[in-house]
Amino acid sequence: MGHHKHSFVGFLLLLLWSCLNGIGLDLVEGRCWGIEREALLAFKEGLTDPSSRLSSWIGQDCCKWAGVGCDNQTGHVIILNLRNPYAESDDSLVRQKHALGGTIAPSLQYLKYLGYLDMSQNDFGGIQIPNFFGMLHNLEYLNLSFASFGGQIPSTLGNLSSLQYLDVAQYWNDTHVRDLHWLAGLSSLRHLNLGGVNISATRERWIQAINKIPSLLELYLFGCQLADLPLTLPFLNFTSLSTIDMSVNDFNSTLPNWLYNLTKLQQLNLRLSGFNGFGPIHKQPGNLCNLQTLDLSENYFNGKIKYFLGGFKGCSNSSVMWLRLSDNNFVGYLPSSLGELKNLQYFDVSLNNLTGSLPNSLATLRNLQYLDLSLNSFSGSVPESIGNLSSLRMLNLSDNIMNGTIPESFGQLSELIEVKLNSPLELDSTLNSWNGVITEAHLINLTRLEYIFLPVASPSSLVFNITYDWVPPFMLKEIHIENCLVGQFPAWLQSQIEVNYVVLRNARIFDTIPKAWFSRISSQITQLDLSNNKIKGRLPRTMVSQNLFSIDLSSNLFEGPIPFWSTNASFVCLQDNLFSGPIPENIGELMPGLQELVISMNHLQGSIPSSLCKIQYLEILSLESNKLSGELPDCWNQTQGLHALDVANNSISGRIPRSICYSGGLYMLFLSQNNLHGKIPTSLQNCSRLRSLDLGGNKLSGNLPSFIGEIEELYVLLLGSNSLTGRIPHKLCHLRCVHILDLSSNSFSGGIPKCFNNLTMLVIGDRCSMYRRDFYLPFSKFHEHATITTKGTKLDYGTGILEFVNNIDLSGNNLTGRIPEEITKIAALGILNLSMNHLNGSIPDKIGNLRWLESLDLSHNQLSGQIPPSLSNLTFLSYLNLSYNNLTGKIPSGNQLETLNDPFIYEGNPLLCGFPLPVKCPGDSTSTGSLPPNKNHDDDDNRDYDKIWLAVSIIAGFLLGFWGVCGSLAFKKSWRHAFFGYVNQMNEKILLWIALKLARYKRRFEEPNN
């Protein structure tokens, strides 16, 4: 109430001053008119000012107040600049702290001489732009951009006939206009920015309204939700336009014809606006010769890039400096005419379908500062002439199919700040095949270098041959070297003390970590990856690194205890080392921000600390393959989002804790190969999202609970090698997503459920639509895994292969009865193991329907009758074991069975006969005596004679063909170069074809699951 009371009193005073003005009694105190001072004070009363920006608004002379400017002659307020002084800050909290808010009092309309009003980058919480702004008739500059205004833009702004600059761009989603007819009143307007304002309701009328402003020079309509764009106009009135920004819209159109008549256009931004069709510029060569900045990225333009760039040939002296064509469908090679764009400073054609080698004319672009050719199919090597790009600051050649060595002229790029020659390998992208040697000559002049990304496809194909004590002239901030041969920690690496991002993955480093360097960078480092090397020694026992986000020291030879590091890291991976001793008891307090902790495959001992449960946002915990003992802590109800828990291959004892599924968000639970006992707890039914459950290799007992069949997303179920008893519950048949079912080596009894043909994904061979990884960490080293018995051998499967394994293993139980005929309907089954049970009856006649079966083991049962002939239909079968049954009759032959010729397959079946057993079946021929002796002898001689001539013909043909081709190549240099050039070209095309096919297959495979 008090707030509004002051505003009301101020307004009454303004009315009084107006009356006085009416009878000629204007008063001036100092340099400030009293009515304007009171108007400003009333305006201030309605504002919120958290940082006291308006604290100077006291005293009589308002011309001295912050943000207020007065006319030197008349003393009238002509400028009000309240733009957020921290508008450019990267810290959103700082920007918010200095943002004005609240309401805008109508007293501002009494600043009748105001010509400049800037309230941009504040936060008015979605209030509407006041209608009375249209009464400030002297306004020439009005900037309300990004100040969180909402609602409809008032049409009264059209009364501001003197306005030259209007910026009402907003982030606020509901800022909109229904009509733009009022723009016609802005006859002096030069700059119009409606960015972020929804003007879609105007349909095509928006262009008609803007076409009525001939004075307009700059037009910004980015993110205006526009979809309607007329391709032609009856007349063109805004021909003075020098800047157009219509990015982030949804036109779904070709470029309009009228655009080519804007001959004064200097800046054009059409990024991400749904434009399509053939590359535009060549359409009317010479019309857009004044263009300096052109952004057509993230559209659907197509056609050959040479025709697009050739469009600039019509210009006597092209002024284009900034050219961004990334993420389109341009094809072909870069033409030599590219070198004619002498003023070009920025060139980005990444993420297209460009091919060929880099043209030598590229080196003539002496003003080029930014060059991005990534995510194409460029081939060949880096031209030696690249050293001529004397102004180059950023170079990105990643994700192509380039090869060869990196020329020493690379070292002449003295202005280079960032170089990216490949993407990180974990991004599964196409890689350039760099090889050769990097020496000091490649680096000695790169005095400004700050960022270097150099992963290579083939390990050790690129060697850093740099003198150990050489100190480079640059100071890096980020370094990513992967699969290169570095060797020791050289001095040039240890000199990089300002680095905050270090990846030296699989760099063949066989040294101890430099402790002084490691300690020095620990305070600023954000990501550290030294994985897959041979680094040995102990890590610092304590370290404080509050900026660290990710640390990966996996697959090295680090030893000693896990260090007590205090860090806010989200990702810590120390797996596959020689760490020993206990996990720090207070690890939860040391690393409270952890999302993923992977310290598997070490020699850790002791118990699992309960402080791990205190890590609130822990998603992945992998302690697999250590020597941990004791019981699992029963405190998992304290975690909020645990998705994966892996403590397999340890010596954990006790029972499965009831709190393990408290949050219900667990996707993967691996407790195998421990000493857990007791029954499977009913609390597991709370794990309704489980995809993988591995409890194998423990001492679990009791019946298999039927609720397991209610976990509808279960993909992998491994319960083998326990002491489970009772019947296999029929509810398991409800697991429609299951691909891997292992109940082997237990004491299950009764028959095999006939409903196994209801295991939908095993029948149709697809991946369940529910099977997706809802959690994702960008540096994750955790992978699903499973040990599966196939082809008589235990094999470990991991992510990428596991999802294609289709397996049922019921071996080593006390199952009885017949093999149900329904099992032959599980058409996608790849592995079936029913061995070491008490099954009887015959093998189902339709066993041949399992057309994808690779491994079949029915050994050590009591099966009888003949082997079904349909078994020969299993063309993928590579392992078969029918030994130790009561099978009779002749062994079927034909197709794949001809390759399975080990007699052991049928051992222990005394009534079987035929190949490959030595026992002949009745009626089988045992000799060749039916033929006359001489005839046999003659045939043998003829066969020997034919074999000799066949061998002679093959050898002669080989020698003639070999020397006919290779001899020519050996003595004809031009032929030799042409031939191997062709082979190299075909090799690159084949590799590209394979990469594209795999990418399409991957997208097709993933689309149904998204």
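For every chain, the first residue of the written sequence is number 1, and numbering continues from 1 along that sequence. Owing to the predicted nature of the model, reporting of local features is limited to residues with pLDDT of at least 70; listing and counting of side-chain atom pairs is limited to 80 or more, with chain, interface and lining totals taken over all residues. Hydrogens and water molecules were not included; the side-chain quantities draw on all heavy atoms of the structure.

**Regarding the overall build of the protein**
We apply this condition: Numbered from the N terminus, helices here are DSSP runs of H or I no shorter than four residues, and strands are runs of E no shorter than two. Remark: exposure states derive from per-residue accessible area (1.4 Å probe, protein chains only) relative to the maximum for the residue type, with buried under 20%, exposed over 50%, and partly exposed in between. Throughout, a contact is declared for two residues whenever any of their heavy atoms are within 4.5 Å. Each accessible area is a Shrake-Rupley result for a 1.4 Å probe, and residues are judged covered by the shown protein chains and nothing else.
The number of helices and strands found in the protein is 11 helices and 64 strands. Expressed as a percentage of its 1010 residues, the buried residues of the protein come to 51%. The long-range share in the protein, meaning contacts at least 24 apart out of those at least 6 apart in sequence, stands at 58%. For the protein, the computed accessible surface area is about 44600 Å², with 52% contributed by carbon and sulfur atoms.

**Some thoughts on the sheet that holds strand S22 (residues 377–378)**
Condition: When DSSP finds at least two bridges between two strands, those strands are taken to pair.
Across the sheet, five strands lie side by side as S14-S16-S18-S20-S22; this open sheet has parallel pairing. The outermost strands of the open sheet, each flanked by one partner alone, are strand S14 (276–278) and S22.

**Quick notes on the nonpolar core**
Rule in force here: Only buried residues count toward a nonpolar core. Its members are Ala, Val, Leu, Ile, Met, Phe, Trp, Tyr and Cys residues joined through side-chain atoms within 4.5 Å.
Counting residues in hydrophobic clusters, the biggest one holds 251 residues, and the most contacted among them are Leu80, Phe133, Trp206, Leu323 and Phe347. Every residue in contact with Leu80, bar those within four places of it in the chain, is listed here: Leu40, Phe43, Trp57, Gly67, Val68, Leu108, Leu111, Leu114, Tyr116, Leu117 and Asp118. Tyr715, Val716, Ile740 and Tyr797 belong to the second-largest nonpolar core, a separate cluster that totals 10 residues.

**Description of the pattern of salt bridges**
Our working rule: Salt bridge, as applied in this entry: a Lys or Arg side-chain nitrogen positioned within 4 Å of an Asp or Glu carboxyl oxygen.
The full count for this structure, using the stated rule, is 13 salt bridges. Two residues, Asp295 and Arg324, come together in a salt bridge whose shortest N-O distance is 3.5 Å. Taken together, the residues Asp295 in strand S15 (residues 293–295) and Arg324 in strand S17 (residues 322–324) connect sequence positions 29 residues apart. The class for Asp295 is buried, based on a relative accessible area of 4%. The partner of Lys731 in a salt bridge is Glu710, with the nearest N and O atoms 2.8 Å apart. Here Lys731, found in the loop between strand S51 (723–727) and strand S52 (740–742), pairs with Glu710, found in the loop between strand S49 (699–703) and strand S50 (716–718); they are 21 residues apart in sequence, far enough to count as distant. Taking the relative accessible area as the measure of exposure, Glu710 reaches 47% and is therefore partly exposed. Via salt bridges that share partners, Asp295, Arg324 and Asp348 belong to a single interconnected network.

**With respect to the environment of Leu621**
Following the sequence through the fold, Leu621 ends up in strand S42 (residues 620–622). Judged by its relative accessible area of 0%, Leu621 falls in the buried class. Once the C-alpha coordinates of Leu621 and Leu594 are considered, the two residues, 27 residues apart in sequence, prove to be 9.6 Å apart. Beyond its immediate sequence surroundings of up to four residues, Leu621 is in contact with Leu597, Leu612, Trp636, Ala644, Leu645 and Asp646.

**As for helix H2 (residues 34–45)**
Let me state the cut-off plainly: By definition here, a helix of n residues has an expected span of 1.5 Å times n minus one.
Along its 12 residues, H2 runs 17 Å from first to last C-alpha, staying within 8% of the 16 Å computed at 1.5 Å per residue. Within H2, nine of the 12 residues are buried, which leaves it mostly tucked inside the rest of the structure.

**Remarks on the pairing of strand S16 (residues 300–304)**
By the bridge criterion, three bridges tie S14 to S16 in an arrangement that is parallel. From the neighbouring strand, Asn276 faces S16, where its bridge partner is Tyr300. Pairing geometry for S16 and strand S18 (residues 329–332), over three bridges, is parallel. Within S18, the residue paired with Asn302 across the bridge is Asn329.

**A word on the packing of aromatic side chains**
Rules: Only centres within 6.5 Å qualify two rings of Phe, Tyr or Trp (six-membered ring in Trp) as a pair; their planes then separate them into stacked at under 30 degrees, edge-to-face at over 60, and tilted for everything else. The rule for a charge over a ring is simple: NZ of Lys or CZ of Arg within 6 Å of the ring centre, and within 35 degrees of the ring normal.
Inspection of the entire model under this criterion finds 20 aromatic pairs. Summarising the aromatic geometry, the rings of Phe124 and Phe149 are spaced 5.0 Å apart at their centres and angled 15 degrees between planes, so their arrangement reads as stacked. One end of the pair, Phe124, is in the loop between strand S7 (116–118) and strand S8 (141–143); the other, Phe149, is in the loop between S8 and strand S9 (165–167), and 25 residues separate them in sequence. Comparing Phe124 with Phe149 shows no difference in burial state: the two are buried. Among the aromatic residues, ring-to-ring pairing joins Phe43, Trp57 and Trp65 into one connected group. The aromatic ring of Phe453 is capped on one face by Lys420, whose charged end is 5.7 Å from the ring centroid.

**Points about the environment of Asp634**
Stated formally: Polar contacts here mean pairs of N or O atoms no more than 3.5 Å apart (in protein, one a potential hydrogen donor and the other a potential acceptor; neighbouring residues in sequence count only if both atoms are side-chain atoms).
Along the chain, the position of Asp634 falls in the loop between strand S43 (627–631) and strand S44 (644–646). Sequence-distant contacts of Asp634, defined by excluding residues within four places in its chain, comprise Pro657, Arg658 and Ser659. A polar atom in the side chain of Asp634 sits 2.4 Å from the side chain of Ser659.

**What to know about the environment of Trp470**
Structurally, Trp470 is set in the loop between strand S29 (462–464) and strand S30 (478–482). With relative accessibility at 14%, the residue Trp470 sits in the buried group. Each C-alpha atom, one on Trp470 and one on Ala491, is 6.3 Å from the other, the two residues being 21 residues apart in sequence. Dropping the residues within four chain positions of it, Trp470 is found in contact with Glu440, Leu443, Ile444, Ala491 and Trp492.

**Some points on the state of the cysteines**
In plain terms, the rule: In this description, a disulfide is simply a cysteine sulfur pair whose atoms lie within 2.5 Å.
For the structure shown, the criterion picks out six disulfides. Across the disulfide from Cys63 sits Cys70; the S-S distance is 2.0 Å. One disulfide, between Cys63 and Cys70, carries an S-S torsion of -95 degrees and so falls in the left-handed class. Owing to a relative accessible area of 11%, Cys63 belongs among the buried residues under this scheme. Residue classification places Cys70 among the buried positions, given a relative accessible area of 11%. Bridging Cys661 to Cys687, the disulfide has an S-S length of 1.4 Å. The chirality of the disulfide connecting Cys661 with Cys687 is left-handed, given an S-S dihedral of about -85 degrees.

**Considering the side chain of Asn556**
Positionally, Asn556 belongs in the loop between strand S35 (550–552) and strand S36 (557–560). Looking at Asn556, its side chain comes within polar contact range of the main-chain oxygen of Leu530, at 2.9 Å. At 3.1 Å, the side chain of Asn556 and the backbone oxygen of Ser554 are in polar contact. Apart from residues no more than four positions distant in its own chain, Asn556 is found in contact with Leu530, Ser531, Asn532, Asn533, Lys534, Ile535, Asp576 and Asn577.

**A look at the side chain of Asn885**
With respect to the helices and strands, Asn885 occurs in the loop between strand S62 (879–881) and strand S63 (886–890). Polar side-chain contacts of Asn885 include one of 3.3 Å to the backbone nitrogen of Gln862. Among residues more than four places away in sequence, those in contact with Asn885 are Leu858, Ser859, His860, Asn861, Gln862, Leu863, Gly908 and Asn909.

**Considerations on the confidence of the model for the protein**
Quick note on the threshold: You can read pLDDT as the predictor saying how much it trusts each residue, on a scale of 0 to 100.
Summarising the model, the protein shows a mean pLDDT of 86, and 86% of its residues fall at 70 or more. Counting interchain partners and residues more than four positions distant, the pLDDT-below-50 stretch residues 927–947 has two contacts. Taken as a whole, residues 999–1010 scores under 50 in pLDDT and shows eight contacts with residues more than four places along the chain or in a different chain.

**Observations concerning unusual backbone geometry**
Here Phe915 and Pro916 are connected by a cis peptide whose omega angle stands at 10 degrees. Relative to the helices and strands, Pro916 resides in the loop between strand S64 (911–913) and helix H10 (933–971). In this structure, Leu272 is a non-glycine residue whose phi angle is positive, near 50 degrees. In this structure, Leu272 sits in the loop between strand S13 (267–269) and S14.

**Focus: the pairing of strand S39 (residues 578–581)**
Residue alternation in S39 divides its side chains into a buried set, Phe579 and Gly581, and an unburied set, Leu578 and Ser580. Two strands pair when backbone bridges link them, and S36 and S39 are joined in this way by two bridges, in the parallel orientation. Looking at S39, one finds that Gly560 is bridged to Phe579. Taken together, the two bridges between S39 and strand S41 (residues 603–606) define a ladder with parallel strand orientation. Each bridged residue has a counterpart across the sheet, and for Gly581 the counterpart in S41 is Leu604.

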